[in-house]
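# Observations on the three-dimensional arrangement
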Amino acid sequence: MSSPTIKKAYIDTTSGQIHYRFALPSQDVLKKSTPLLFLHKSASSSASYTSLMTIYSSRGYACFAPDMPGFGNSFDPSPSDITEISTQGTKWFVEIFMQVFHSLNLFAPKVHIIGHHSGAVLAMEIAATYPDLVSSICLVGPAVMTATERAVMKGKYFAPFNEPVKDGSHLLKTWEYLGNMGVGDELGLWQREVLDHVRAWKGRNLIYGAVWELDAEMVYAGVRCPVMLMCARDDVLWTYFQYVKGLKSGVKAVEIGGANFGLDRDFQGIEKSWTEFLEETEKKGQE
C-alpha cells in the first residue's frame, strides 16, 4: 500500500490567501470520521508536519495543515490587518483560520487539533471559543504561563533578530539562531527552517506579540475537550511545563525529544503518544 500524497492548495479569506497542505486517506483505507488539524509554530510552516501527516493519513485520517498569515506561502497581513492584530491579538489569527476550516467543511462535526508553540495557543483558543467543534487538542510546547513570565518571554524573543540587511548577515544570524534552538545536525531540516524563518521575520513578531499579550491561563481554563500536553526537556517552554500540567486534572502529559523541533526530530515519539490519546478519546466518544 502506497503512502498518501501530501498536496498543497490555497483558499481565500477576507484578508488574503491561506496556503495549506493536506493529505487524504487512500481508497483502500478505512476512513476516520474526525479530521486532524495541524497548527505550526513560529517561525516554521506547515512543512514541519509532513512526517506526521503521512503517518496519520495512511491510517484513515484526513489531515490539514495551514500556514499562518505571515508564514510559509500564506499572505502577509496588510497594514489594516496589523492594526486589527494590535487590538484583537490571537483572535484575529483564529478567525482567519476559522474561515479556512469552514470553507473546507472540516467540522463534520468535529476535529482533533495538534498545535506547536504559538500553534498550540491558537489550538487552545479555538477549542475554548468553539467547544462544539473540537474533539480534542494536543499541545506541543504549551505557552501557558503567568503575566510576569509572559513579559520575560516577550523581552527575550520579541525583538526581530533577522530583519533583512544588504550584506546578507541576517542569513547567518538565522542559521546560528536555529542551531542554538536545537534544530539538530540534519542539514535538510536546518536549511528548511532557515528559509521559513527568513521568510517570516515580520510574521514572527506579529504572532509573538499577540501570544504574549494573551491571558493563556484563562483560555486554557476554558477548554472543555480532552487535552494532551507534550514538551521536550530542551524546549524553551520546558520551564513552564510542570506548571501547565498542574492547572488541570486528568490531563495526559508526556516528555518528547527534539528540543524546539520535535515534530521533525521526534515525530515517532509524538505519534506513539498522540495515537494512544486519540484512540482513547474516540473510544470515550462512542460510549
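Residues numbered from 1 in each chain as written. Predicted model: local features only at pLDDT ≥ 70, side-chain atom pairs only at ≥ 80, totals over all residues. Heavy atoms only, no water.

### Comments concerning the sheet that holds strand S3 (residues 36–39)
Sheet architecture is open: 8 strands sit in the order S1-S2-S4-S3-S5-S6-S7-S8, paired in mixed fashion. This sheet does not close on itself; its edge strands, each paired only once, are strand S1 (7–12) and strand S8 (252–256). Within the sheet, the average angular offset between the axes of one strand and its neighbour, ignoring direction, is 20°. Of the strand pairs in this sheet, S3 and strand S4 (residues 63–66) are connected by 2 bridges, and their pairing is parallel. Bridge pairing in S4 links Leu37 to Phe64. Here helix H4 (residues 118–129) sits on the sheet in contact with S3, strand S5 (111–116) and strand S6 (134–140), set at roughly 155° to S6. (Pairing = 2+ DSSP bridges. Helix = DSSP H or I, 4+ residues; strand = E, 2+ residues; numbered from the N terminus. Axes fitted to C-alpha atoms, helices over the stretch in contact; angles between N-to-C directions. Contact = heavy atoms within 4.5 Å.)

### Some remarks on the side chain of Thr34
In this structure, Thr34 sits in the loop between strand S2 (17–23) and S3. Thr34 gets classed as buried once you look at its relative accessible area, which sits at 12%. Once you skip the residues sitting within four places of it in the chain, Thr34 turns out to touch Tyr61, Lys110, Val111, His112 and Ser135. (Buried < 20%, exposed > 50% of the residue type's maximum accessible area, 1.4 Å probe, protein only.)

### Thoughts on unusual backbone geometry
Look at the link from Ser42 to Ala43: it is a cis peptide, with omega at 5°. Inspection of the secondary structure assignment puts Ala43 in the loop between S3 and helix H1 (50–57). At the junction of Ala108 and Pro109, the peptide bond is cis and its omega measures out at 0° in the coordinates. In this structure, Pro109 sits in the loop between helix H3 (90–103) and S5. Phi at Asn105 takes a positive value of approximately 55°, unusual for a residue other than glycine. In this fold, Asn105 is placed in the loop between H3 and S5. The phi angle at Ala259 is positive, at roughly 55°, despite the residue not being glycine. Residue placement: Ala259 occurs in the loop between S8 and helix H11 (262–265).

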